[in-house]
Amino acid sequence: SNVDLLVKDIYGGGYESLGLPAELVASSFGKAVRSRTEGPVRNHDRDADIAKSLLHMISNGIGQIAYLHANVHNCNRIIFGGFFIRGKQSTMHTISYAINYWSKGTMKAIFLRHEGYLGAVGAYMKGTELPTGEYGENFAFSDGLKVNEVVNNALQFLELDRLDMPLVPLPFIDTSTYKPDLFNLTLDKDFRLYWLGIFTDGLDHFCRVIRDGESNRECIDTRIDSFKRKFLECLTLLRDNPYAYGNLSVRTLLEVREQFLAEFNFYDPYLLFKQMENEEALRELPGRLADLQNMTWEQRQVQVVKGILGGNVFDWGSSAVTKLNEEKKIDFERACSIVQERPWFIDDLDRWIKRLQSRKFTKILIFVDNSGADVILGIMPFVVEMLNQGSHVVLAANSNPALNDVTSYELRYIVAKIRTISKTVDSAVMENRLNVVENGVGSPCIDLSRISQNVKDSCHDCDLVILEGMGRAVHTNFHARFTVESLKLCVIKNKWLCDQFGCPMFGVICKYEVPESIRDG
């Protein structure tokens, strides 16, 4: 303001009728030009003011030129890079303001945290003889952005992991409007502090579970201590710098934790627990299938859904569930009794059963959740029911381990075991009406704009998508709309989340949705 001429210097304030705020620059260096009669330049026109004015003038110019080009080419996102911008908060703020001002809020300026590496990464992808595939950032050893630091090159390290498979959008979502996460922790400080506190407070218990379940015992105490220290450093950084690794959500926190585990060679610390629970649930499955077959058709439809909800209680990422299990071991019967009685918090069960009475589904895509009782006593009886009604069923399970989530290779083993128990499952596998595919994810949450090609290829003729579990149906995809029918099933096992929704602990979401195109048809 000592060098630039502002709108308020001309009009005494803002020019509201033209939408010009008082602090808007009317003329860069407008106060630096004066006649001989005005005397010498005043002391406050020092070098720092002139330098800042020059910076703002260039940045505003860049913003206006970028806006004009984007407007010509009908773009609403503009990516900026280069050493002039890198790590300089003032420059980024000025360009962002310019883009927002000229576009009247219809365009967004985007700055890549590691844009200084674009040339190196591009050269590698262009010149390597290996298949380039797709890459994801490894946040465990990449620098996070500290928004309060103004330095020329704050981000020194970038680590990329080559993904095992290409990731593509699920065909039934609109990627232009799809947002995977229910809560944006970057914007809401209270939400952010709560979830960072959950991860911090639960870290000692989590490390004890790792120590008990990890099969690789080499240097285990050192590895656990290193994991704990590095992950706590990350959580501390995110408290004051929520944009350190991009948009922050429960999903990204879970993904970052899995990356830290992998860096210290903890690939699947829950493996032994999952194996024991799978074997126990397989022993119970024949009795459960027999009980269901003795029911009427309508009773069975109610019970297979209630079974999914009871199975979904077996979530060892939930502190409430682990506490209950420590007090008294949870079995499937007890888990079903814990679940909220009907009417549920979101209760579309009657509409769902009425839909089943009208016609069968051609192909059903189910994103499954936990191993053990969840998938074996909850999901698989439901699958048997759908197979008996003539549907083709595709089970999408995690590609990589996360907590006690079932992985695709574990699920194939489970289905093979169930073939010896259920003739329906055995026939469906032989007829290729029951398939297991990996979803491309290693997290309890799922971003449906980035799933495996295998899932996409299996979706032909699919007319129903089912999302099971808090991570897949609440933390992510709660508001997701599909071009086919969908069913979201989960039990809410977090007191804070229950308070946000206004439902009781272990409240139920049974959310059946039909897209307008089908309703209108």
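Refer to the preceding data block for the structure.
For the structure given in this document, a descriptive report is provided here. (Residues numbered from 1 in each chain as written. Predicted model: local features only at pLDDT ≥ 70, side-chain atom pairs only at ≥ 80, totals over all residues. Heavy atoms only, no water.)

All right, on to the sheet that holds strand 13 (residues 464-468) then. Strand order in the open sheet formed by seven strands is 8-15-14-13-9-10-11, and the pairing between neighbours is mixed. Across the chains shown, the open sheet's two edge strands, defined by having one partner strand only, are strand 8 (346-347) and strand 11 (434-438). Docked against the sheet, helix 15 (residues 408-419) engages strand 10 (392-397) and strand 11, running at close to 160° with respect to strand 11. (Pairing = 2+ DSSP bridges. Helix = DSSP H or I, 4+ residues; strand = E, 2+ residues; numbered from the N terminus. Contact = heavy atoms within 4.5 Å. Axes fitted to C-alpha atoms, helices over the stretch in contact; angles between N-to-C directions.)

In the structure shown here, the tally under the stated rule is 24 salt bridges. The network of salt bridges with common partners includes Asp181, Arg251 and Glu255. (Salt bridge = Lys/Arg side-chain N within 4 Å of Asp/Glu carboxyl O.)

Further remarks concern the packing of aromatic side chains. Within the structure shown, the criterion is met by 22 aromatic pairs. Geometrically, the ring pair formed by Phe183 and Phe191 is edge-to-face, given 5.0 Å between the ring centres and 80° between the ring planes. One exposure class covers both Phe183 and Phe191, and it is buried. Among the aromatic side chains, those forming a connected cluster through ring pairs are Phe199, Phe206, Phe227, Phe231, Phe260, Tyr270 and Phe273. Sitting over the ring of Phe361, Arg355 keeps its end group 3.9 Å from the ring centre. (Phe/Tyr/Trp six-rings, centres within 6.5 Å; stacked < 30°, edge-to-face > 60°. Buried < 20%, exposed > 50% of the residue type's maximum accessible area, 1.4 Å probe, protein only. Lys NZ or Arg CZ within 6 Å of the ring centre and 35° of its normal.)

Turning our attention to the pairing of strand 9 (residues 363-367). Consecutive residues of a regular strand have side chains that alternate between opposite faces of the sheet. Burial runs high along strand 9: five of the five residues are buried. The alternating pattern of strand 9 places Lys363, Leu365 and Phe367 and Ile364 and Ile366 on opposite faces, both of which are buried. Note on the crossover from strand 9 through helix 14 (residues 373-388) to strand 10: the handedness is right-handed. Relative to strand 13, strand 9 runs parallel, the two sharing four bridges. Bridging from a neighbouring strand, Ile366 pairs with Ile466 of strand 13. (Right-handed = clockwise from strand over helix to strand, strands pointing away.)

Okay, helix 13 (residues 349-358) next. For helix 13, the complete set of buried residues consists of Leu349, Trp352, Ile353, Arg355 and Leu356. Buried residues along helix 13 cover an arc of 155° about the axis, so they all sit on one side. Counted as exposed and oriented over 90 degrees from the buried face of helix 13: Asp350, Lys354 and Ser358. Lining the buried residues of helix 13 we find helix 10 (297-311), strand 8, helix 14, strand 13, strand 14 (485-492) and strand 15 (507-513). (Arc of directions from axis to C-beta.)

The next point concerns the state of the cysteines. Counted under the stated rule, the structure contains zero disulfides. Cys219 forms no disulfide, and the closest cysteine sulfur to it belongs to Cys207, at a distance of 16 Å. Note on Cys219: relative accessible area 53%, which makes it exposed. (Disulfide = S-S within 2.5 Å.)

Geometric descriptors of this kind do not, in isolation, establish any biological role.
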